[in-house]
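Commentary on secondary and tertiary structure
If you want the building blocks of each chain, they are given just below.
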Amino acid sequence: MKTCGWLTIGVIGWIACGWTTAGQPVAAQSPENQAHPTPKLLSDIRQLTFSGNRAGEGYFSADGQWLVFQSEREPGNPFFQIYLMDRQTGNTQRVSPGVGKTTCAWIHPDNHRVLFASTQYDPQAAAKQQAEIEFRQSGQSRRYSWDYDSSYELVEFDRQTGEYRRITEVEGYDAEGSYSPDGELICFASNRRAYQLGELSDEERELFEKDPASAMDLYLMQADGTNVRRLTTTVGYDGGPFFSPDGQQICWRRFSADGSSAEIMLMNVDGSAQRQLTNLGAVSWAPFFHPSGHYLIFATNLQGFANFELYMIGLEGGVQPVRVTDRPGFDGLPAFAPDGKSLVWTSNGGSAYSQLYEAAWDHQAALRALGLDDLQAATISATSGSVLAASDSAQVTSADITAADIGRHVDYLCRPELGGRLTGTPGERLATSYVAAYLEHLGLQPAGDNGTYFHEFEFVSGVELGQENRLSSGDQNYEVDRDWRPLSFSREGECEASELVFAGYGIVAPEAPGQPAYDSYVHLDVEGKWVVMLRRMPLNITPERRQYLAGFSHERHKAMVARDRGAKGVILVSGPNSQVRSQLIPLRMDGSLGASSLTVISVTDALAQQWLQIAGEDLADLQTQWDDGEMRMGFALSGVQVQAFVDVSPIRNRGRNVLARLSVGSQPTPEMIVVGAHIDHLGEGTGASLARESESGAVHRGADDNASGVAGILEMAQYLADHIHSGRSQLKRDLLFAAWSGEELGLHGSAAFTQDFQRLFPAAILPQPEVHTSDSQPATGDPSHGHPSPTLYPAVAAYVNLDMVGRLRDKLILQGIGSSPYWAQAIERRNAVVRLPLTLQADCHLPTDATSFFLQGVPILSAFTGSHDEYHTPRDVPELLNYEGAAKTAQLLALLAADVAHAESAPEYHSQAAPPERRANLTAYLGTVPDYGQTDIQGVKLSGVTQGAPADQGGLKAGDVIIELAGRKIENIYDYTYAIEALKVGQSVTIKVRRRDDTLDLEVTPASRN
């Protein structure tokens, strides 16, 4: 435990710590013998302590809730004192008396007692303390050396009574003590033999006079200080002992007699079978067991006498030590958290003083680097990520659905190292690994790709500039991202040199009650030209006018209007009157990558002014004129031509769902119940974030949305698995448990599952979609069921969803009741046991993964506890959840899933008209459901059509791609929305769709949204 190498040191007394050997540095190994760092073993490195001159040697309590460490921070004491940190709050309290020197602390498994070494009983303690203070105040300085004060004794502090108990009372240095995992034993280091006459040989005595550490041995005793027995007998410093997780072994470091090197050692708890693990010829010390029990981490100065780095080594040998850290200065005294997922160590980062640091630890990567990835006892699965042994999970979770178990799952999913679980990020992979590992531990079978628990899907996560972007006018070239920038939906490729026209704000808005028409293109010829226009809308107009024009002022809408008038491109400029953070429009996704068929760019005010000046105009004067909201005629910019080449590419990423099947028999059942919750959240804040400006860039932990739902399905899986395996439940259908990713970005994960269902489950029998030629009439569906086409029903007999179930207050909301008449009685029957206050809602068109199934003809039931002010902000944290309520919600949903799985036949499915979209100026209603997951096609693909709606009556079907409506070209969802705004209720229009290989002209008659 204690070797003190992290202090500022450098005298012969530091032989034990390995910084010097008789004044000579320890030679570094040759480069070819050096191990190299393994990537990404440590991530999310954070400094834990900041106070005082130095702090270090931190060790966790058995439950991970407390961290004990030592620090020099007391104003009246220049020596180390012992402190206890609450890992939940960061609050820190001193547990040592504040008098004398202390070192080497450890927390008893009962969390009530703290063990440390102290000189508090030394009559000279206060005098030594004052002498050191006066020395430092005199302006003198000296290198620090550990003096192995013979008055050090092991002391136990009782947190409940506040009393200290002296455990050892023998002259000599007694320190470096740690409790065994069961709290029955203490192993410690001591040079007490040197203070007893005749115990040392003449050679040992001579060595001890030079170096008090040379007589240090390891001892074992009962926790009350009785039955002390010596474990080591070799000349040289044996110290820093720690028990293995099972309490059967002890690791420590052994220095050579002259202190020139140290190696990592291992022995049985009784001192037998002592063996050397390392043979590096350097100073290797401070070993610590990983909780899996299969490898150690330690510090060594293999790279140079003052450059201590962390390394790890397997307990069985066969693989060379693997380097963990790689930075100048001291990194040492590592200690794993009890769950093995984080590491605390002491580091000075190359400076003079040390503090504690913490990082996430990749256990799976460590196993692979050590060649131990086949050790299933250490992990649940090599494919499942950084999760500890199945036995660990079994010890901390109950087969019953409990608030404590919900809290454990939520805690993991909301940890900082997961970074908000944004789809496609390492945090998402950690989260899905955790879920997969847990479901595997429960005995559920993998149901993903290639026999794994993961189902991967591709999605577009953003856009980026390519290498070929160019903009020029005459012989002047402009720099992309400085003078100009393309918009994400711009047409790619060449836009030949063309003339410019100025069109004010570029807005066209029809007359409406109380609102006059507005047209920026009156008598303005834009055919084949660039249209220069101001962003947004006029500044000096009434709030009512602003509200009306808002629907016509978006960049997409302005580009569509210019395109329909024959423009070749659009140039947007902010103008000096505008209050914008950046004159150039950010390159970012705006919800769809559907592109326009003309070039769209933004330019700086300075560049626009340059072009306007050639035409004898001034940008500031023009904006001021147009800001009054009155219509004015645009004009051509004589003498200016601009050409461009746009290169904007989508950034494609991959996310993954977790799929695990709970089988009720030896063979898969023909039908299954799917239970799901989305696991992804917003990372550090996407476009959907509602964070305050002061919270910008903060991790959105998503405790309610939707760690609560994922925790719920894990508890449901354990509960139902236990019922099936124990024979308490006799079910007729398998249950598939799913953690969806990509929900926050548009239901990507669940939609991909429905599309890949037949591939994932080739034995499933699905109804074949009806096929119609361009001149045939669509068949009329069964009005009692109204299945969309295609359908997953009854291969998926029902879908149960948990999304935001962590804030139960007055009532639990159960949505989707209208998807089947089955639900009402089942809910009444099962809630008689749980007795939750409920609100039942028939609506089936929900902003959650349940919609992906409902549109495929599957009855759905979705649980929700209501929205709140912390929704989509960094303030959605675990501390605000109602864990008892979440547990009861999961229990009710588990009973309902079992109810369906036990039913004689699959629940009857009922279709349902979608509620009207709540959007200003949309008076017409068609009843189409766009597929928001499709971003790589021109047009709008439909994922469903509401039964009985105008689109359904006109013959539109799921899978159709709308390419024209009422004579307006449709290239993306925005074109489609704006086209619907122009429709008149009751007046039939033609809608052109692409259906497989055919193009169809269909007729629809819009209905009123009222």
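Residues numbered from 1 in each chain as written. Predicted model: local features only at pLDDT ≥ 70, side-chain atom pairs only at ≥ 80, totals over all residues. Heavy atoms only, no water.

Turning next to the nonpolar core. Ranked by internal contacts, the top residues of the largest apolar core, which has 86 residues, are Ile186, Met312 and Trp361. Listed in part, the 74 residues of the second largest apolar core include Tyr438, Phe737, Ala798 and Val800. (Core = buried A, V, L, I, M, F, W, Y, C linked by side-chain atoms within 4.5 Å. Buried < 20%, exposed > 50% of the residue type's maximum accessible area, 1.4 Å probe, protein only.)

This next bit is on the side chain of glutamate 870. Looking at the secondary structure, you find glutamate 870 in the loop between strand E43 (860-864) and helix H15 (883-902). Side chain to side chain, glutamate 870 and arginine 807 meet in a polar contact 3.2 Å long. Not counting residues up to four positions away in its chain, the partners in contact with glutamate 870 are Arg807, Arg875, Asp876 and Leu880. (Helix = DSSP H or I, 4+ residues; strand = E, 2+ residues; numbered from the N terminus. Polar contact = N/O pair within 3.5 Å; in protein donor to acceptor, adjacent residues only side chain to side chain. Contact = heavy atoms within 4.5 Å.)

Burial within strand E4 (residues 81-86) is extensive, with six of its six residues counted as buried. Residues Gln81, Tyr83 and Met85 line one face of E4 and the alternating positions Ile82, Leu84 and Asp86 line the opposite face, and both faces are buried. Pairing of strand E3 (residues 66-72) with E4 involves six bridges; the strand directions are antiparallel. Of the residues in E4, the one forming a bridge with valine 68 is leucine 84. Two strands pair when backbone bridges link them, and E4 and strand E5 (residues 92-94) are joined in this way by three bridges, in the antiparallel orientation. (Pairing = 2+ DSSP bridges.)

Glycine aside, the phi torsion of most residues is negative, and most peptide linkages are trans. The omega torsion across aspartate 705 and asparagine 706 is 0°, close enough to zero to call that bond cis. Mapping asparagine 706 onto the fold places it in helix H11 (residues 703-726). Across the junction of tyrosine 793 and proline 794, the peptide omega takes the value 5°, indicating a cis bond. Its identity as a non-glycine residue notwithstanding, histidine 872 has a phi of 60°, on the positive side. Take histidine 872: it is sitting in the loop between E43 and H15.

A word on the sheet that holds strand E27 (residues 470-473). Spatial ordering of the open sheet is given by E28-E27-E36-E30-E33-E34-E35-E29, a layout of eight strands whose pairing is mixed. One side of each edge strand has no neighbouring strand; the edge strands of this open sheet are strand E28 (476-478) and strand E29 (484-486). Across the sheet, the mean angle separating the axes of adjacent strands is 30° when strand polarity is ignored. Two elements, E27 and strand E36 (residues 635-646), share three bridges in a ladder whose sense is antiparallel. Directly across from serine 472, in E36, lies its bridge partner glutamine 643. With respect to the sheet, helix H8 (residues 555-564) is in contact with strand E33 (530-534), strand E34 (569-573) and strand E35 (599-603), its orientation differing from that of E34 by roughly 140°. (Axes fitted to C-alpha atoms, helices over the stretch in contact; angles between N-to-C directions.)

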